[in-house]
Amino acid sequence: MKPVKFDYYSPKTVDEALTLLEEAGFDGKIIAGGQSLVPIMNMRLSSPECLIDINQLHDLQFIEFDSDKVKIGALTRQAEVERSDVVQKHLGLLSEAVPFIGHVQTRNRGTFGGSLVHADPTAEIPLSLMALGGTLHIASKEEVREVNVEDFFITYLTTDIMPNEMLTEIHIPIEQERNGYSFYEISRRHGDFALVASACQLTIDHLDRITNVRLVLGGVEATPLLIEGANEWMNGEVLSDSLLQKVEDIVDEMVDPESDIHATAEYRRHLSKKLAVRTVKSAYERARGEANERS
Amino acid sequence: MVTVKKGLGVSLKRKEDIRLLTGNGQFTDDIEKPGMLHLAIVRSPHAHARIVNIDASKAKKLPGVVAVLTGEEALQYSGPLVPTINIFNKVPEVYAIAYKKVRYVGEPVAVIAAEDRYIAEDAVDLIEVEYEVLPAVVTIEDALEPKALLYEEWGDNKQLESRTTIGDIDDAFANSEYVFEETITHNRYTGTPMESRVCIAEYNPGSKKMTVTCSTQAPSQVRTLIAQTLQMPEHNIRVIAPDVGGGYGTKLQANAEIIACIMARMLGKPVKWTEDRVENILTGVHSRDYTCTVKIGFDKDFRITGLQAKLIGNIGVDGTCHAPGTPALSVAGAYFPGPYKVPVYDVEIIGVVSNKAPYGAHRGYGKDIANYPIERMMDIAARKLGISPEELRRRNFIKKDEFPYQQISGPLYDSGDFDKLMDLVMDKIDYQNFKKKQLELRKQGKYIGLGIAAMLEPSGAAVFNGIFNGYQAATVRMTPEGHFQVLTSHQNIGQGVETTIPQVVSQVMDVDIDDIRFVYGDTDITPYGLGPFSSRGATYTVSAVYEAAKMLKEKLLKIAGYLLKEDPENLEMANGTVRVKGTTNPEAAISLKEIGNKVYLWPGPYATVPEGIDCNLEATYTWTSKVVKWEPDEHGRVNLYTTHPTGVFVALVEVDIKTGLVKVDKFVVSHDCGTIINPMIADGQIAGGIAHGIGGVLLEDLAYDSNGLMTNPDFQHYLCPTAMDVSDIETIHMQSPSPFTPLGTKGMGEGGTIPSPAAVANAVEDALSPFGVIVKDLPITPERVLEWIKQGEMQNVKS
């Protein structure tokens, strides 16, 4: 359970890190919290030749409120997001989702950006960001480009980031309308990777009609699955049993889960329907102010 | 206020915790030796294959690699693994490093010694092994078919086969009012110590002495196994066990440890092998993994008329030489009747070998196998009889005034009161109220359930043939300053012996436990004896220590009498002094410190020790049980266990019928382990045991595919419960002292694990009784729960 030999660098600035990345090319790998990378290196499932440790890049460790959005640095620890007043106030969904990540010890090390670039399709942060919407700032020696979260996840453990690039910060819009959120996940034990997870962020008008809904499922596809087109049939509707039934039917149609040792595809499909209904219902109740604490 | 830190029955905080919690513990892997080499083991990727060729030439050329050794080359240094235990079972010829054939995935085929572990692991990838793959025997059916033979010379795949019949079982069933039969299975799981196994071996070619530092439960026994396997003189071997991060039965053998010894002997340099977690899960030792058909008859009053059990255990590659596992099945055979009166009994046991990892000891050791099928059966029968599970158990319990009770299957039960235990736990739960709440919640779509399992925990085995034969030697020694050391082979594996053993001595000597140190873990220092297995500490070690302390006390009283010019009969020990009984006159007292000082130093023994008393202020006592019976009777019955804690465990669960998830809300336990030494530590043993049981019934499953490949040998896929997954636990103690130990104590390390799987399974069935759910395969996964609900509903519709 020891990794293969690798070179190790600890850059002090983002520029320095980007230069190292450029030089290392495909052999380079960034390490931040190391909560996913270190185990797979120790199991020799991955053997990067060059590790670039970005833990000294303190400029990438922040949570900032900025009128209509919250900016989060890629190196911000998950525990900091969990405890942040700004996040609690403006991005309730994240506050609800982050405690599901591993355990206190893993959240103390694991980073917000690390979870996004690792792109595990069951992970809480990718799912939540997909529901919240937002842009990812990706830097290389040449430029900083912005990518919408919808375009970021390519497939299992693969994102839009090129080998010479690094995620630096994430901007998440703050919802101004009457809104509600909810996050649920099912795992065999607390802290495990979700078998299925579900995140929902929605807004309603003064007559409690849905005006916008973003429902995302994890563990059912190679990337977090945004139930596209939900707005077309949910907008203008007040929540009802028939609408929830439709949620269940649409989810059933859209998910394509796989089997593994923890759960069969059929069970994941079953869970995704049940969780989708739970999250939509609970987000809606929150939006109406019926329940601050979900049942 | 000064806290008095003395005696039995006091919840003293554990002396060892300050060291461990401040990071000052020292485990084997913390130890570095000058010039030490590190080992990595090449392991078989196949479940069953012949080794055709091993090419280590590339590995040997890798800079930093010092040596590579194959199984064939190891024959110069070591014989086959010797049996650890053998109750009339077949003994295979197997080696620490596979020779000619591999029989499970993960079996060692070669070992590398290198300058560091990184290089050693790099070299693993460079060793080319050519295999001729053979058909894999994975299931019990594969083994019985037989799909292939593991040991051709046996002619079948049965390591153990036995049958015991007492009375006419067919007649008993024919005359029963009711007869029920079920086949009950259990998943394979393991003990999962926090610290995996680690071994440092050093060999001095000049003195021919071998020092082995390792994470083991049993230093003396390991010394013997090493001597016999390596065919070395045992007096030249020293085994040291420093802090050990848990054992749970899984550290009672020397198999991989032998590899380190071979390498040290070959190289003349210290070598370290640290088992990683994948190796630990992959190579075992494993347990459970059985199918048991139970047939039980009742008369019109619901009293048991006869019990028949057919147990087939899948013991993997071997449970005798690799590890002491196979006899666990025999223990089950002796204890199926459990807490109940059974007039006619018939049991058949088969242990089949397969291409899975070795079968070893793991908290429960067959007592769990005896418990789960029967306690499940009691619930199933109660439901069919239309009687409460509580009442069915009560009708059949052995009664308080029947102890000591000669059980039909051989064991002699020492003491207990099952009815009282049931009263205690049922009062605490408020059963009627629970039932009311259960009905109300069902209307809201919530399903809660209550499951009962009665528990009998045979503790302190004395098994003939091998290293588990049941005695204990203890030395109690007073130092010149009047403090005490207690020396035994009973290893500290986290069970609190650095605290509880001094409590026993302080009970005798009336001194503070901080003035007493428990010394263990070094075969050059402690008397030869047995380590903690079979929850034997409070049966054997405590009794040996108690008797040795009494002997030393007698000697000290004689010396004090001589010094005080008093009859020793008139003297007593109090607060670290010897004094005339009842007096507070300082003239009529002498402190232990003064005695120690006078005898050993100023002036010395010739002026202070009366004639006829030896001046060495220590005493050694070897305790053996008076009730162990090895001579089989006409039915082949023996009695191996001396004490039997008892209990009634109740699990309260909630099942989410939409997701199938089971949450254990609470365990309420009534428990009786005789005289309690430290109630806090006793509670901890029960809680830890329940965590183990919850793991086995809900989460942990060593999964093999049809080719014999284990699919989950890591902690991401093999799911151990964490503190977050374990329920609240409330324990009520009662004390029925054992008549068979001097203090009435009983060992109690496994009692939490034994009944908790049945309690949870019974609770799940109770919660889901509207759907007619029957719990079948374990673990109880959410998917299985949904499947059982579906099956139950279909059954309901049909009927």
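Residues numbered from 1 in each chain as written. Chains lettered and ligands numbered in written order. Predicted model: local features only at pLDDT ≥ 70, side-chain atom pairs only at ≥ 80, totals over all residues. Heavy atoms only, no water.

What follows deals with the state of the cysteines. Under the criterion given, the structure shown has 0 disulfides over all chains. There is no disulfide at Cys214 of chain B, and the cysteine sulfur nearest it, in Cys199 of chain B, is 5.1 Å away. (Disulfide = S-S within 2.5 Å.)

So, about the pattern of salt bridges. Residue and element names in this part refer to chain B. All told, the structure shown has 70 salt bridges over all chains when counted by the stated rule. Residues Lys663 and Asp665 are paired through a salt bridge, measuring 2.9 Å at the closest nitrogen-oxygen approach. Beyond isolated ion pairs, a larger network of salt bridges with shared partners links Arg43, Arg117, Glu121, Asp276 and Glu279. (Salt bridge = Lys/Arg side-chain N within 4 Å of Asp/Glu carboxyl O.)

Moving on to the interface of chain A and chain B. When the parts come together, some accessible area is lost, and that loss is often what is quoted as the size of the interface. Facing the 23 residues of chain A at the interface are 32 residues of chain B. Buried area between chain A and chain B, summed over both chains or domains, comes out near 2,300 Å², and the portion from carbon and sulfur atoms is 60%. Its largest share of buried area at the contact with chain B, chain A owes to Met1, Arg188 and Arg189 of chain A, together 30% of the area lost on that side. For the pair chain A and chain B, the interface holds 3 salt bridges. With its nearest N and O atoms 3.0 Å apart, the salt bridge here joins Asp656 of chain B to Arg278 of chain A. At the surface where chain A touches chain B, the tally comes to 14 residue pairs in polar contact (both at pLDDT 80 or more). If one sorts the elements of the side of chain A that touches chain B by residue count, helix H11 (residues 265-287) of chain A sits on top with 5 residues. (Contact = heavy atoms within 4.5 Å. Buried area = accessible area lost by both parts, 1.4 Å probe. Polar contact = N/O pair within 3.5 Å; in protein donor to acceptor, adjacent residues only side chain to side chain. Helix = DSSP H or I, 4+ residues; strand = E, 2+ residues; numbered from the N terminus.)

So, about the packing of aromatic side chains. Residues and elements named next belong to chain B. Throughout the structure, instances matching the rule amount to 18 aromatic pairs over all chains. Between the aromatic rings of Phe180 and Phe298, the centroid separation amounts to 6.1 Å while the plane-to-plane angle is 55°, which identifies the pairing as tilted. Of the two residues, Phe180 is situated in strand S8 (residues 178-190) and Phe298 in strand S13 (residues 286-298); the sequence distance between them amounts to 118 residues. Looking at Phe180, the relative accessible area reads 12%, which means it is buried. Given a relative accessible area of 0%, Phe298 falls into the buried group. (Phe/Tyr/Trp six-rings, centres within 6.5 Å; stacked < 30°, edge-to-face > 60°. Buried < 20%, exposed > 50% of the residue type's maximum accessible area, 1.4 Å probe, protein only.)

On the surface, a cluster of negative charge is contributed by Glu22, Glu23, Glu142 and Glu143 of chain A. Residue classification places Glu142 of chain A among the exposed residues on the basis of a relative accessible area of 60%. (Patch = residues over 30% accessible without salt bridge, like charges linked within 9 Å, V, L, I, M, F, W, Y side chains within 5 Å. Areas by Shrake-Rupley, 256 points an atom, 1.4 Å probe, with all protein chains shown as cover. Lys, Arg positive; Asp, Glu negative; His and termini not counted. Charge placed at Lys NZ, Arg CZ, Asp CG, Glu CD.)

With that settled, the discussion passes to the domain arrangement of chain B. All names here are of chain B. Looking at chain B, the domain boundaries give domain 1 (17-24 + 471-623) and domain 2 (410-460 + 642-799). Taking only C-alpha atoms into account, the centre of domain 1 sits 41 Å from that of domain 2. For the pairing of domain 1 and domain 2, the buried interface totals around 1,400 Å² over both sides, and the portion due to carbon and sulfur atoms is 63%. The largest contributions to the domain 1 side of the interface with domain 2 come from Ser535, Ala538 and Thr539, which together make up 33% of the buried area. The tally of links between domain 1 and domain 2 comes to 0 salt bridges. Taken together, the elements giving at least two residues each to the side of domain 1 that touches domain 2 come down to helix H15 (497-509) and helix H16 (537-564). Broken down by element, the side of domain 1 that touches domain 2 gets its largest block of residues, 7 residues, from H16. Partitioned by chemical class, the residues of the side of domain 1 that touches domain 2 number 6 nonpolar, 9 polar and 2 charged. (Domains from an automatic or database assignment. Nonpolar A, V, L, I, M, F, W, Y, C, P; charged D, E, K, R; others polar.)

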